[in-house]
Amino acid sequence: MVRKAQFGYYALVIILAITSLRFSQMMWQQHQTLSHLHTQTKQLKHQKVKQVLVKSTIDKASNTNAQFFNLAYNWSSGSEYQNRMK
């Protein structure tokens with residue numbers, strides 16, 4: 001009987017050790033996944049900021065281009081042109 005109880009305790013200790021190792025592995029994997037997701041979130045935020053800056057720059061360049069085109073058009077064929085040709 002003592003021998004059976006001793007084997008039972010050893011089996012219980014082994015099962016607890018294996019369970020704790022598996023639990024530790026799962027916690028480590030979860031930590032790695034969360035760390036990776038956090039890094040991706042930072043990268044996406046940075047990309048979003050870059051996209052906003054690029055869009056802003058494109059809008060400014062587009063507005064500048066439109067103003068220049070209007071100025072050139074008015075200079076070459078608008079009222080200013082007719083005043084210069086008189």
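As shown above, the structure is provided for reference.
Note that residues are indexed from 1 along each chain, following the sequence as it is written. Only residues with pLDDT of at least 70 get local features here, since the model is predicted, and only at 80 or more are side-chain atom pairs given and counted; chain-wide, interface and lining totals rely on the full set of residues. Side-chain measures were taken over the full set of non-hydrogen atoms in the model, leaving aside hydrogen atoms and water.

**So, the overall build of the protein**
Secondary structure is summarised from DSSP: a helix means a run of H or I of at least four residues, a strand means a run of E of at least two, and numbering begins at the N terminus for each. Counting its secondary structure elements, the protein contains 2 helices and 0 strands. Exposure is judged per residue with a 1.4 Å probe applied to protein chains only, and the accessible area is read against the type maximum: over 50% gives exposed, under 20% gives buried, and values in between give partly exposed. Counting all 86 residues of the protein, 1% fall into the buried class. Using the Shrake-Rupley algorithm and a 1.4 Å probe, accessible areas are obtained, with residue cover drawn only from the displayed protein chains. By element, 66% of the accessible surface of the protein is carried by carbon and sulfur atoms, the whole surface being about 8400 Å².

**Here we look at a nonpolar patch on the surface**
Together, Tyr9, Leu12 and Leu16 make up an exposed nonpolar region whose accessible area comes to about 350 Å². Relative to the helices and strands, Leu16 is located in helix α1 (residues 2-77). Among the residues examined, Leu16 registers a relative accessible area of 53% and is labelled exposed. The patches reported here contain residues having more than 30% relative accessible area and no salt bridge. Joining distances are 9 Å for like charges and 5 Å for nonpolar side chains (Val, Leu, Ile, Met, Phe, Trp, Tyr). We count a salt bridge whenever a side-chain nitrogen from Lys or Arg sits within 4 Å of a carboxyl oxygen from Asp or Glu.

The values reported here are purely geometric and, on their own, carry no functional implication.
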